[in-house]
Amino acid sequence: MNIFGIIGPLIEQTITISAPIMITAVGACIGERSGVVNIGLEGIMLSGAFATTVVNLATGNPYLGILAGIITGGLISLIHAVISINLKGNQIISGVAINLFSIAATSFLIKTIYGVAGTTPSADKLADYRIILVLMYGIAIGAHFFLFNTVTGLRIRAVGEHPLAADTVGISVYKIRYLGVILSGMFAGFGGAYLTAVVLRSFSSNMSAGRGFMAMAAMIFGKWNPLGAILASLLFGFGQAFSDYAKTVRLPIPQQFLTMIPYILTLLALVGFVGKSRAPKASGQPYEK
Amino acid sequence: MTKKLKEFLPSIIAVLIALTIGGIIMISKGVNPLFAYSDMAKAAFYQASPRAPFLSGLAKTLFTATPLIFSALAAMVAFKAGLFNIGAQGQMIAGGLAATFWAITFRNYILGNVFIVLIIAMAAGFLWAGIAGFLKSRFGVNEVISTIMLNYIIIEFQNYLLNGILKDPASGSTQSPKVFEGARLPLIFAKITKQNLNLGFVIVILLVIGIYFFFKYFKKGYEIKAVGLSETVAENSGINPKKIMFLAMGLAGICAGLGGAERVLGGSAQYAYTEVIMGDAGFTGLAVALLGKNSPFGILIAGIFYAALDVGGQALQLKYQVDKEIVLIIQALIIIFVASENLFKFFTLKRKEK
C-alpha cells in the first residue's frame, strides 16, 4: 500500500474533524483569560448548530445559517455573562444550566417548528466547505495574536489574572469580561454551525456529542493559549481520524478499543508532555467592585 | 434554623419562578398549568400507576432519585476538596460493570452475596476515580479533562464488554444476563407500590448521614475542606494536599460506584446491565449537587425534588400529550435561577432600603 495514500487523507481528516472543537477551544481560551469559566460551551455549540439548520432551511443559504449560528452562540453566552458578571453567580451552575437548557429547548423547538421528534429535515450542505475551514483556522490563529499582541488582548489577560489591578489602572472589568464571554459564545456557535453546515445536513438532539467538553479539554491542554488549543484539538482530531482509519483496515483489535484512542492519547499526552498547567488566576471568581 | 431557611430561600424562589415560566409555556400549548402541576404533584408523591393506588408515586420518585443522590454526593465530596468531578457518570459505569461481572460469575451466597458485590462496586468506583485523583496529585493533570476522558474510555469499555463477555447469549439486545439472586438488593414496599424502590434508597440515606458526620466531626473530612478552601494554607498547617485530593476523588468514586451498582442490583432493568441503564444520572447529579448547595441533606432534598419533576413530567406527557421537554426546560430554568441567586438578594436589599 502506498504510504502517501494513507497519510494524505489522514491529515485531511484530522483537519476537518478537529475544526469544530478547535474553534470552540480557542473561544474558550479568550473567555477564560478574561476570568469567566464557561462549561456551557457544549450547549452553546448545540444551539448554534440548531440555529444554523433553521436558517439554512428557511433561506436555503448555508452561509446565512452559519452566521445565525454564530449570533445565537453570542446571544446565549449573554445569559452566562449576566449571571457570572453582574449577578456574581456560580459560573459552573450557570454553565450546567445552559447545557441542560440547550438540550431541552432545541428538542422542544424541533417538535414545535417541524412537527417531528428528534431530527430536523435535511438542509443543503455547503458546496465547498474549504473556504469555511480556512476561515476557521485563520480566525483561530488570529485570536492568538489578538490575545497576545493587541491592547484589548492585554486587557483581557489582565482582567483574568488580577481584576483589581486592572480596575485600578482604569480598565472596565465588566466590559472586558462581557467581551470575553460573548466572543467565546460566538466561537462556540461557529463550532456548532460547522457541524450542521459542513458535516451533517440535519440537526438531531444532542448532536454536539461532547465536543464542547473536548474543547474545554483542548483549552486546558493548550495551557489557555489559542495556539496550544489548536495543536491540542489537532491531536484529538488525529486520534479520531486514526481510529476511524484503523477501523477500516480490520486490525485484530476490537473496535471499541480503537474508539478509545483519542481519549487515551489525551491522557498520555497530559502526563508525558504537558505537566502542570495553571488557569488564569481570577478565572471563575466574580469581581466585586 | 431560620438562618438555614434564609440560605435556601433563593432556591425556593428560583423554583417558583421556573414553574411560572413553565406554566406560561403550558398555557401557550393550551394546558391549564394549575391542573397540570397538581397532576404532576399527585403522580410524583402519591399515585403513579393505576395498578397501585397507594403511594406508588412516592416510591417511583424515590427510586428515580436514588442514583441522582449517589452521583450528586460524588460531585460534592470532590468539590469539597476544590476538585470538579465530571466523572461521576464513568464512575457509576465502573461500579455497575464490576458489580454485574462479579454477580454473574459467582453464583453462590458465599462470594456472590449482595454485601460482597457492593464492596466490589465501591472498589471499582474508587479505582476509576482514583486514576483521575492519581494523575492530579502525581502529575498535576487537571481533573476536569481526565474525568471527561475517563468517561469516554469506560463507555467504550462498557460497549466492548456488553458485546463480549458480559453479553447474554439468550437475549437479542445488548445486555448482560441477570445477576445472581443473592446479589440483588431487596425491594421495599413493593407489594403495596408495585415499584422497584429497593434497599439502595436506604443505603443512600445512610450515606448522606455518614457524609454529613464525616465532614462535621472527622479529621479527614476537615482536611478535605481545608484543602478545598486553600491548598497553600492547608499545606502550611501540615496537611498533604496531594494525598487529600486523591482521597477525595476516591471517596467520590465510592459514592458513584455504589450508585451504579444500585441500578443493576436494584431492578431498574430487571437485574441486568443494559446499554442505557445509567441514563445520564452521573451528569444530572452535578446539577443536583449544585441545587442542594453542596450539603448532604440539601442534596437529598434536591435529588428527590428533581426526580419528582421527572416522574410528574412523565404523567404530564401521558395525560395532556405535552412534550417532556417542557419539564426539562423547567429543570434548566430552576438551575439558571439558582445560579442567579444574587438577583433575589439584590431585590430584597432594595426593599430594605425603602
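Quick caveat, the model's predicted, so the values are computed rather than measured.

Draft legend 1. How the structure looks around the overall build of chain A. Looking only at helices and strands, one finds 12 helices and zero strands in chain A. Listed N to C, the secondary structure of chain A is α-α-α-α-α-α-α-α-α-α-α-α in terms of helices and strands. Taking 289 residues into account, the globule formula puts the C-alpha radius of gyration at 19 Å, and chain A, at 19 Å, falls close to it. Each principal axis of the C-alpha distribution contributes one length, and for chain A these read about 65 × 50 × 30 Å. Sorting the 289 residues of chain A into buried and exposed places 55% on the buried side. Sequence-distant contacts in chain A: of pairs separated by 6 or more residues, those separated by 24 or more amount to 80%. Surface summary for chain A: the accessible area is close to 11700 Å², and the carbon and sulfur share equals 67%. Side chains of chain A carry 18 positive and 9 negative charges; the gap between the two charge centres is 4 Å.

Draft legend 2. Here's a closer look at the nonpolar core. Residues B:Ile69, B:Leu73, B:Met149 and B:Leu265 are the most contacted members of the largest nonpolar core, which totals 152 residues. A total of 14 residues in this core trace back to one element, the largest contributor, which is helix α3 (residues 56-80) of chain B. When neighbours within four sequence positions are excluded, B:Ile69 is seen to be in contact with B:Val204, B:Val208, B:Ile299, B:Leu300, B:Gly303 and B:Ile304. Within the second largest apolar cluster, 36 residues are counted, among which are A:Leu133, A:Tyr178, A:Ala193 and A:Tyr287.

Draft legend 3. Representation of helix α8 (residues 199-217) of chain B in the model. All names here are of chain B. The first and last C-alpha atoms of α8 sit 27 Å apart over 19 residues, in line with the 27 Å expected at 1.5 Å per residue. Burial in α8 covers these residues: Gly200, Phe201, Val204, Leu207, Val208, Ile211, Phe214 and Phe215. Projected down its long axis, α8 carries its buried residues within an arc of 135 degrees, all on one side. Turned more than 90 degrees away from the buried face of α8 sit Leu206 and Tyr217, all of them exposed.

Draft legend 4. Looking closely at the packing of aromatic side chains. Residues and elements named next belong to chain B. One pass over the full model with this rule turns up 17 aromatic pairs over all chains. Where phenylalanine 126 meets phenylalanine 246, the ring centres are 5.9 Å apart and the plane angle is 90 degrees; that geometry is what we call edge-to-face. Residue phenylalanine 126 is found in helix α5 (residues 114-139), and its partner phenylalanine 246 is found in helix α11 (residues 241-265); the two are separated by 120 residues along the sequence. Its end group placed over the ring of phenylalanine 139, arginine 138 keeps NZ or CZ at 5.0 Å from the ring centre. The side chain of arginine 263 reaches across the aromatic face of phenylalanine 63, ending 4.2 Å from its centre.

Draft legend 5. Examining the interface of chain A and chain B more closely. Chain A puts 41 residues into the contact, and the matching count from chain B is 38 residues. There are one salt bridge connecting chain A and chain B. Between A:Lys111 and B:Glu325 there is a salt bridge, with its nearest N and O atoms 2.9 Å apart. Viewed at the interface, chain B and chain A are joined by two residue pairs in polar contact (both at pLDDT 80 or more). For the side of chain A that touches chain B, the secondary-structure elements that each account for two or more residues are α4 (91-114), α9 (211-221), α11 (255-259) and α12 (261-274) of chain A. For the side of chain A that touches chain B, the element with the most residues is α4(A), which contributes 13 residues. Split by residue class, the side of chain A that touches chain B holds 28 nonpolar, 10 polar and three charged.

Draft legend 6. Main features of the confidence of the model for chain B. Summarising the model, chain B shows a mean pLDDT of 90, and 95% of its residues fall at 70 or more. Predicted as a complex, the structure gets a pTM of 0.88 and an ipTM equal to 0.85.

Draft legend 7. Quick peek at the pattern of salt bridges. Residue and element names in this part refer to chain B. Taken as a whole, this structure holds seven salt bridges over all chains when the rule is applied. A salt bridge links glutamate 223 to lysine 219; the nearest nitrogen and oxygen atoms lie 3.2 Å apart. Here glutamate 223 pairs with lysine 219, and both are found in helix α9 (residues 219-229), just four residues apart, close to one helical turn. Linking lysine 220 and glutamate 223 is a salt bridge whose minimum nitrogen-to-oxygen distance equals 3.3 Å. Remark: glutamate 223 and lysine 220 occur in helix α9; sequence separation between them is three residues, near one turn of the helix. The class for lysine 220 is partly exposed, based on a relative accessible area of 42%. Each of Lys219, Lys220 and Glu223 takes part in one network of salt bridges that share partners.

Draft legend 8. Expanded view of helix α1 (residues 3-33) of chain A. Over its 31 residues, α1(A) extends 42 Å from the first C-alpha to the last, a length consistent with the 45 Å expected when each residue adds 1.5 Å. Immediately beyond the C-terminal end of α1(A), within one or two residues, lies A:Gly35, with a positive phi of roughly 105 degrees.

Draft legend 9. Structural context of the side chain of A:Asn38. Residues and elements named next belong to chain A. On the secondary structure map, asparagine 38 appears in the loop between α1 and α2 (41-59). Relative accessible area serves as the criterion here: at 6%, asparagine 38 is assigned to the buried category. Asparagine 38 has contacts with Glu32, Ile44, His80, Ser184 and Met216, leaving out every residue within four places of it along the chain.

Draft legend 10. Highlighting the side chain of B:Thr284. Residues and elements named next belong to chain B. Along the chain, threonine 284 turns up in helix α12 (residues 281-291). Judged by its relative accessible area of 13%, threonine 284 falls in the buried class. Residues within four places of threonine 284 in sequence aside, it is in contact with Leu68 and Tyr306.

Draft legend 11. Structural context of the packing of α2(A) against α4(A). All names here are of chain A. It is at 7 Å that the axes of α2 and α4 come closest, and there the two elements cross at 20 degrees. The orientation of α2 with respect to α4, classified from their angle, is roughly parallel. The two elements α2 and α4 cross, and the hand of that crossing is left-handed. Of α4, the residues touching α2 (which contributes Leu41, Glu42, Gly43, Ile44, Leu46, Ser47, Phe50, Thr53, Val54 and Leu57) are Ile98, Asn99, Ser102, Ile103, Thr106, Leu109, Ile110, Ile113 and Tyr114. In terms of residue class, the contact of α2 with α4 is built from 12 nonpolar, six polar and one charged.

Draft legend 12. Geometry of a nonpolar patch on the surface. All names here are of chain B. Side chains of Leu199, Val202, Leu206, Ile209, Phe213, Tyr217, Phe218 and Phe297 sit close together on the surface and give an oily, nonpolar patch of about 740 Å² of accessible area. Broken down by element, the nonpolar patch gets its largest block of residues, six residues, from α8. Within the secondary structure, leucine 206 is located in helix α8.

Draft legend 13. Looking closely at the packing of helix α6 (residues 151-161) of chain A against helix α8 (residues 173-199) of chain A. Residues and elements named next belong to chain A. At their nearest, the axes of α6 and α8 sit 10 Å apart, and the two run at 105 degrees to each other. Between α6 and α8, the crossing angle belongs to the class labelled roughly perpendicular. Across the interface between the two elements, Thr152, Arg155, Ile156 and Val159 of α6 pack against Val173, Ile176, Arg177 and Leu179 of α8. A breakdown of the residues in the contact of α6 with α8 according to their chemical character gives five nonpolar, one polar and two charged.

Draft legend 14. Main features of the environment of A:Ile110. Residues and elements named next belong to chain A. Inspection of the secondary structure assignment puts isoleucine 110 in helix α4. Isoleucine 110 gets classed as buried once you look at its relative accessible area, which sits at 0%. As for isoleucine 110 and alanine 165, which are separated by 55 residues in sequence, their C-alpha atoms are 47 Å apart. If we ignore the near neighbours within four places in the chain, the residues touching isoleucine 110 are Phe50, Gly115, Val116, Gly118, Thr119, Thr120, Phe203 and Ser205.

Rules behind the numbers
- Residues numbered from 1 in each chain as written.
- Chains lettered and ligands numbered in written order.
- Predicted model: local features only at pLDDT ≥ 70, side-chain atom pairs only at ≥ 80, totals over all residues.
- Heavy atoms only, no water.
- Helix = DSSP H or I, 4+ residues; strand = E, 2+ residues; numbered from the N terminus.
- Rg over C-alpha atoms; globule rule 2.2 N^0.38 Å.
- Buried < 20%, exposed > 50% of the residue type's maximum accessible area, 1.4 Å probe, protein only.
- Contact = heavy atoms within 4.5 Å.
- Areas by Shrake-Rupley, 256 points an atom, 1.4 Å probe, with all protein chains shown as cover.
- Lys, Arg positive; Asp, Glu negative; His and termini not counted.
- Charge placed at Lys NZ, Arg CZ, Asp CG, Glu CD.
- Core = buried A, V, L, I, M, F, W, Y, C linked by side-chain atoms within 4.5 Å.
- Expected span 1.5 Å × (residues − 1).
- Arc of directions from axis to C-beta.
- Phe/Tyr/Trp six-rings, centres within 6.5 Å; stacked < 30°, edge-to-face > 60°.
- Lys NZ or Arg CZ within 6 Å of the ring centre and 35° of its normal.
- Salt bridge = Lys/Arg side-chain N within 4 Å of Asp/Glu carboxyl O.
- Polar contact = N/O pair within 3.5 Å; in protein donor to acceptor, adjacent residues only side chain to side chain.
- Nonpolar A, V, L, I, M, F, W, Y, C, P; charged D, E, K, R; others polar.
- pLDDT = per-residue confidence, 0-100.
- Axes fitted to C-alpha atoms, helices over the stretch in contact; angles between N-to-C directions.
- Parallel < 35°, antiparallel > 145°, perpendicular 65-115°, else oblique.
- Left-handed = near helix turned anticlockwise from the far one by under 90°.
- Patch = residues over 30% accessible without salt bridge, like charges linked within 9 Å, V, L, I, M, F, W, Y side chains within 5 Å.

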